[in-house]
Amino acid sequence: MVQLQGQGRGCAVPVSPAWHRHTGLRVPLDYSHELVCLTAKEKIIVPIRAISARAILDFPDQLDFSVCPVKCSSQKTLLVRNAGNREARFQLSTQSPFSVVPATGTLGAGDTMQVTVGFHALTNGDHFGSLCCNTGEEIFHTKLHGEAVGLNVVLTTSSVEVKTFITLSSQTTVFIENRSNITAHFQWKAFPTEEEDNEEKRRQCRLLRLPKEVWQENLMEEKEIEKVKGSCEDRTALLNSMVQEEMAKVQEDPMLFSNDFFFIEPMVKLINQGAIDAPFSYIPSTTDMGFCFKFAPEEGIIAPGGTQTVQISFNAPMLGWFEEEFQFSVAGSPTPVILTIKLSLHAELSPH
């Protein structure tokens, strides 16, 4: 009952709560109405507001990743709270170069959870996006911004000239110097940009597509065999499967540098920052994969302020990701110098 009081007079009016009915469910909605009470002398209007239970997720209006290295992943974690009085079921989505985890979730009233937003730009410059949250009742957005900059990683030279004689080999050394405070992951690629990588993959896939005449000839052969034997294996489907398999290999090819005449072997530089000679020696690894690595030279003496280039060769028995730790003993140093090598090996496709 709603009791109206005013100027000594009262009027009691029964009021029932409002519910939205849909497929047998009682779902409360926001309710707004005006209660009008008429007497012999006056008209009384009473506004009525009823707000149903709802979920309220407190996402920020904007998320800024500031400056991040290009082609490196950066993450920010949001602590999201359901400030409403009803459980929230939501879906999260965004666009490249941003990502979000989890994509869906449920959050009880008053509860909190972590949402991780990632930023991984492949090109320099400012990048903008939007984090969209859909609760089924409303959709709201968080503005995203990140700036990607190139790491200060340089080569000691931009060109290499190698002179040798026929049937003989020669080598020269090029150093990669990381002048930043972030670990730089690098690959020797056949092309300078990802766009050129993809263009070469498309070119190779076009070459793999068989001419129309080949398909027609194959179909005619199937019909001839079927006439003689009464049945024939679906050679067209088999041929198509082989082509699709080769195309898949092309798409998975990392397009690393490969050449019949030139090859690249990794090297490291040992630097003596002390004031006396530093005799060093390689401590042989005892791991299964450690035996696949060779170092040259394995021992030597580095003068004060001097350097020693060590060439690394690797003979892999299998494909995959490798991470090995190697140690060099240095006379006068209580702890060895540790070198960690991480690399990923892929199958090399024959040129088409």
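Every chain is numbered independently, its residues counted from 1 as its sequence is written. With the structure being a predicted model, the display of local features is reserved for residues of pLDDT at least 70 and the display and counting of side-chain atom pairs for 80 or more, all residues being used for whole-chain, interface and lining totals. To get the side-chain values, take all heavy atoms of the structure and skip hydrogens and water.

Draft legend 1. Local environment of a nonpolar patch on the surface. Put simply, a patch holds well-exposed residues, over 30% relative accessible area, that have no salt bridge, with like charges counted together within 9 Å and Val, Leu, Ile, Met, Phe, Trp or Tyr side chains within 5 Å. Values of accessible area rely on a 1.4 Å probe in the Shrake-Rupley scheme; residue burial ignores everything except the protein chains shown. Salt bridges are defined as contacts in which a side-chain nitrogen from Lys or Arg sits within 4 Å of a carboxyl oxygen from Asp or Glu. Residues Val153, Leu155, Ile176, Phe186 and Trp188 make up a contiguous nonpolar surface patch of about 450 Å² in total accessible area. We count a stretch as a helix when DSSP gives it H or I for four or more residues in a row; a strand needs E for two or more, and each element gets its number in order from the N terminus. Locating Trp188 in the fold gives a position in the loop between strand E16 (176-178) and helix H1 (194-208). The buried label goes to any residue with under 20% of its type's maximum accessible area, the exposed label to any with over 50%, and the partly exposed label to all in between, with areas taken from a 1.4 Å probe on protein chains only. Its relative accessible area of 36% is what places Trp188 among the partly exposed residues.

Draft legend 2. Up close: unusual backbone geometry. Cis geometry is found at the peptide bond from Ser96 to Pro97, where omega equals 10°. Following the sequence through the fold, Pro97 ends up in the loop between strand E9 (88-93) and strand E10 (98-101). The omega torsion of the bond from Ala296 to Pro297 falls at 0°, within 30 degrees of zero and hence cis. With respect to the helices and strands, the residue Pro297 is situated in the loop between strand E19 (293-296) and strand E20 (299-302). The backbone of Ser66 shows a phi angle near 60°, a positive value even though the residue is not glycine. By secondary structure assignment, the location of Ser66 is in strand E7 (residues 62-69). Positive phi values are uncommon outside glycine, yet Lys71 reaches one of about 65°. Mapped onto the elements, Lys71 comes out in the loop between E7 and strand E8 (74-81). Judged by its relative accessible area of 54%, Lys71 falls in the exposed class.

Draft legend 3. Seen up close, the side chain of Asn272. Within the secondary structure, Asn272 is located in the loop between strand E17 (267-271) and strand E18 (278-283). Its relative accessible area of 8% is what places Asn272 among the buried residues. For Asn272, the side chain forms a polar contact with the main-chain oxygen of Ile302, separated by 2.9 Å. Apart from the residues within four sequence positions on either side, Asn272 is in contact with Asp277, Ala278, Ile302, Ala303, Pro304, Gly305 and Gly306. Here a polar contact means two N or O atoms within 3.5 Å. Within protein one must be a hydrogen donor candidate and the other an acceptor candidate, and residues neighboring in sequence count only if both atoms are side-chain atoms. Note on definitions: a residue-residue contact is assigned when non-hydrogen atoms from the two residues lie within 4.5 Å.

Draft legend 4. Inspection of the sheet that holds strand E12 (residues 112-119) at higher detail. Whether two strands pair depends on DSSP finding at least two bridges between them. The strand order across the open sheet formed by 3 strands is E8-E12-E10, and the pairing between neighbours is antiparallel. Strands at the two margins of the open sheet, each flanked by one partner only, are E8 and E10. Each strand axis lies, on average, 25° off the axis of its neighbour in the sheet, ignoring direction. Judged from the 8 bridges that link them, E8 and E12 form a sheet pairing that is antiparallel. Considered in E12, the bridge of Thr77 is made with Thr116. Convention adopted: a line fitted to C-alpha atoms gives each axis, helices being fitted over their contacting stretch, and angles between N-to-C directions are expressed from 0 to 180 degrees.

Draft legend 5. Main features of the environment of Asp197. Within the secondary structure layout, Asp197 lies in helix H1. Assessed through its relative accessible area of 7%, Asp197 is described here as buried. Sequence spacing of Asp197 and Gln251 is 54 residues, and the spatial spacing of their C-alpha atoms is 9.8 Å.

Draft legend 6. Just the pattern of salt bridges, in detail. Tallied over the entire structure, the rule returns 8 salt bridges. We note a salt bridge from Glu177 to Arg179, for which the minimum N-O separation is 3.6 Å. Under the relative-accessibility criterion, Glu177 is labelled partly exposed at 38%. Lys189 is the partner of Asp197 in a salt bridge, and the nearest nitrogen-oxygen pair spans 3.1 Å. Through salt bridges with shared partners, a single ionic network connects Glu199, Arg202 and Arg206.

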